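Below are the chains, spelled out letter by letter.
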Amino acid sequence: VSNFILFPAYSKLYDQKDKIKSLFLKSTELIMILGIPILCFFIINSSFIISFLFGDEWLGAVVPLMILSVFTFLKLVGDTSTSLFLGLGFPKMESYRNIIQVVVLFLIIFPLTQSYQLIGVCLALTIAAMTTLYFWIKAIKRIEAKAFEVLACFKVGTVLGLIILLSFLLFEKLLVFENNLFS
């Protein structure tokens, strides 16, 4: 969704480096404000979510849900560079990113799946998604953002994530449901 909004914005700001940097940092901050708390929510509540929705017989899906939550977060972070590269006229960077991701996935999915079944598939997807972080760092360098500026984008999201994490840890014992949603 962010690519549909950010790509045209970056294209219009093509030669205004300061505005591009500001837009990239603001969009990254917004993604962190939304992404980190959601990641924390799914990781801390994965067993509750699975049990509530499908019943205790599906608790084997807890670890894959946790891993896929990290995968989704990595994709959110990595995909912020997509609209930047396309908007600034560097579509090859996006192609390289996708090729590397597919090659990494191709190399590791079979051995991990053989060894760890569904968890192996989730791990393979997550490891492949980590390759996008390299291109995210290249995007940061391209717009000449400083490390402290980028780290500041994580501040509010991290605080919100910690609040969610701590609140659910505190109330975990109080929220016990006997039935699940779909059984």
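In this report, we go over the structure that sits alongside the text. (Residues numbered from 1 in each chain as written. Predicted model: local features only at pLDDT ≥ 70, side-chain atom pairs only at ≥ 80, totals over all residues. Heavy atoms only, no water.)

1. A word on the layout of surface pockets
Link 1 in the chain: If you add up the space inside the largest pocket, you get close to 430 Å³.
Link 2 in the chain: If you trace the largest pocket, you find 18 residues lining it, with Ser2, Ile31, Leu34, Gly35 and Leu76 closest to the centre.
Link 3 in the chain: Secondary-structure elements contributing two or more residues to the lining of the largest pocket are α1 (2-12), α2 (17-54) and α3 (62-87).
Link 4 in the chain: If you tally residues by element for the lining of the largest pocket, the top one is α2, at 8 residues.
Link 5 in the chain: Considered class by class, the residues forming the lining of the largest pocket number 10 nonpolar, 6 polar and 2 charged. (1 Å grid on protein atoms, 1.4 Å probe; cavity = no way out; pocket = protein on both sides within 12 Å on 5 of 7 lines; lining within 4 Å. Points joined across faces, edges and corners; volume = space filled by probe spheres on them. Helix = DSSP H or I, 4+ residues; strand = E, 2+ residues; numbered from the N terminus. Nonpolar A, V, L, I, M, F, W, Y, C, P; charged D, E, K, R; others polar.)

2. Thoughts on the environment of leucine 39
Link 1 in the chain: Its location among the elements puts leucine 39 in helix α2.
Link 2 in the chain: Leucine 39 gets classed as buried once you look at its relative accessible area, which sits at 16%.
Link 3 in the chain: Spatially, the C-alpha atoms of leucine 39 and phenylalanine 73 are 6.7 Å apart, while their sequence positions differ by 34 residues.
Link 4 in the chain: Ignoring anything within four residues of it in the chain, the contact list for leucine 39 reads Ser69, Val70 and Phe73. (Buried < 20%, exposed > 50% of the residue type's maximum accessible area, 1.4 Å probe, protein only. Contact = heavy atoms within 4.5 Å.)

3. Description of the side chain of serine 69
Link 1 in the chain: The residue serine 69 is located in helix α3 in this model.
Link 2 in the chain: In contact with serine 69, other than residues within four places in its own chain, are Leu39, Phe42 and Ile43.

4. Brief notes about the packing of α2 against helix α7 (residues 155-171)
Link 1 in the chain: Running from N to C, α2 and α7 point in directions that differ by 20 degrees, and their axes come no closer than 7 Å. Judged by the inter-axis angle, α2 sits roughly parallel to α7. With respect to the hand of their crossing, α2 and α7 are arranged in right-handed fashion. In this structure, α2 contributes Glu29, Met32, Ile33, Ile36, Pro37, Cys40, Phe41, Ile44 and Asn45 to the contact, and α7 contributes Val156, Gly157, Thr158, Leu160, Gly161, Ile164, Leu165, Phe168 and Leu169.
Link 2 in the chain: Residue composition of the contact of α2 with α7, grouped by class: 13 nonpolar, 4 polar and 1 charged. (Axes fitted to C-alpha atoms, helices over the stretch in contact; angles between N-to-C directions. Parallel < 35°, antiparallel > 145°, perpendicular 65-115°, else oblique. Left-handed = near helix turned anticlockwise from the far one by under 90°.)

5. Section: unusual backbone geometry
Link 1 in the chain: With a phi angle near 50 degrees, glutamine 117 is a residue other than glycine that sits in the positive phi range.
Link 2 in the chain: Counting through the fold element by element, glutamine 117 comes out in helix α4 (residues 91-130).
Link 3 in the chain: In the Ramachandran plot, glutamate 144 falls in the positive-phi region, its phi being about 60 degrees despite a non-glycine side chain.
Link 4 in the chain: Within the element layout of this structure, glutamate 144 appears in the loop between α5 (132-142) and α6 (147-152).
Link 5 in the chain: On the basis of relative accessible area, glutamate 144 is assigned to the partly exposed category, the value being 47%.

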